[in-house]
Structure formats: structure tokens, C-alpha cells
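Fold and contact review
So you can see what is in the structure, the chains are spelled out below.
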Amino acid sequence: MVIHRRWRAILYPLFLYCVSGAAGGYFVWHAVNGERGLKTKDEYEHRIAALRGQLQELKEERALWAHRIALMKGAAIDRDLLEDQARSLLGRVDKNDLVVFLPRPAK
């Protein structure tokens, strides 16, 4: 009888420490590796930085196209730009034009 009390006095706290340690470990693991954990936050920050860079490139491209459209709009049309765009879209060249073929940039 005394032996059972001694075993209970040793095993019950040991069991409770193991259960509480496992529960704490579970929550700590999910705080670091979970869906909203610390590692995921770093991945989101890297993705946000990449998307901001892409957004900046697209804004620059949009500004370029807006400038080109502004040159073709209105009372004063830039004839050289209009002629260049028409020839590139139609695939035509003048007999006095010099054509230089450049390799296309890889994306």
C-alpha cells in the first residue's frame, strides 16, 4: 500500500509534466511553422518585396506607354512616332530603310 502511494506520488506529476510539455511543444511548433507562424511571415515579406518590384516595373512601363499615346493624341501628332508604329505593326519597310535584326530578349 505504501509502495502504491509512492509510485503515484512519482508517476502522476511525471505524467502531468509530459502532457503539459507535449501541449506546449505543439503550440510552440505551430507558432513557428504554422500557417501564421514566423517562417510564413518571412515568406510573405519576401513575396511582398518581389511583387512591389514587379509593380514598379509595370508602373514604369505604363508611364512609357502613356507618354507614347500622348505623343499620338491631340492636335500635334508626332509624325515620326506614328510612322514608326504603323510600319512595325504592318511589318513594312521603305525601300531606303536599313533593317537591323536584333535577337529577342529572353524573358
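Let me begin by describing the structure that accompanies this report. All chains use their own residue numbering, which begins from 1 and follows the written sequence. Only residues with pLDDT of at least 70 get local features here, since the model is predicted, and only at 80 or more are side-chain atom pairs given and counted; chain-wide, interface and lining totals rely on the full set of residues. Neither water nor hydrogens contribute to the side-chain values; these are computed over all heavy atoms in the structure.

1. Considerations on the overall build of the protein
This is how it is decided: Only DSSP runs of H or I with at least four residues qualify as helices, and only runs of E with at least two residues qualify as strands; both kinds are numbered from the N terminus onward. The size measure is the radius of gyration over C-alpha atoms, and the globule rule it meets is 2.2 Å times the number of residues to the 0.38 power. Here the Shrake-Rupley method, with its probe set to 1.4 Å, supplies the accessible areas, and only the displayed protein chains count as covering residues. Lys and Arg are tallied as positive, Asp and Glu as negative. Neither His nor the chain termini are counted. Where a charge lies is defined by one atom per residue type: Lys uses NZ, Arg uses CZ, Asp uses CG and Glu uses CD.
Scanning the protein from N- to C-terminus turns up 3 helices and 0 strands. Helices (α) and strands (β) of the protein occur, in sequence order from the N terminus, as α-α-α. For 107 residues, the compact-globule estimate of 2.2 N^0.38 gives 13 Å, and the protein exceeds it by more than 25% at 35 Å. Each principal axis of the C-alpha distribution contributes one length, and for the protein these read about 110 × 35 × 15 Å. For the protein, the accessible area works out to roughly 10,800 Å², and carbon and sulfur atoms hold 62% of it. For the protein, the distance from the average site of its 18 positive side-chain charges to the average site of its 13 negative ones is 15 Å.

2. Brief notes about the side chain of threonine 40
Which entries qualify depends on this criterion: Under the scheme applied here, a residue whose accessible area is under 20% of the maximum for its type counts as buried, over 50% as exposed, and between as partly exposed, the area being computed with a 1.4 Å probe on protein chains only. Pairs of residues are marked as contacts when any of their non-hydrogen atoms sit within 4.5 Å.
Mapped onto the elements of the fold, threonine 40 is located in helix H2 (residues 38-72). The buried category is assigned to threonine 40, whose relative accessible area is 14%. If we skip the residues at most four places from it in the chain, threonine 40 touches Gly34 and Glu35.

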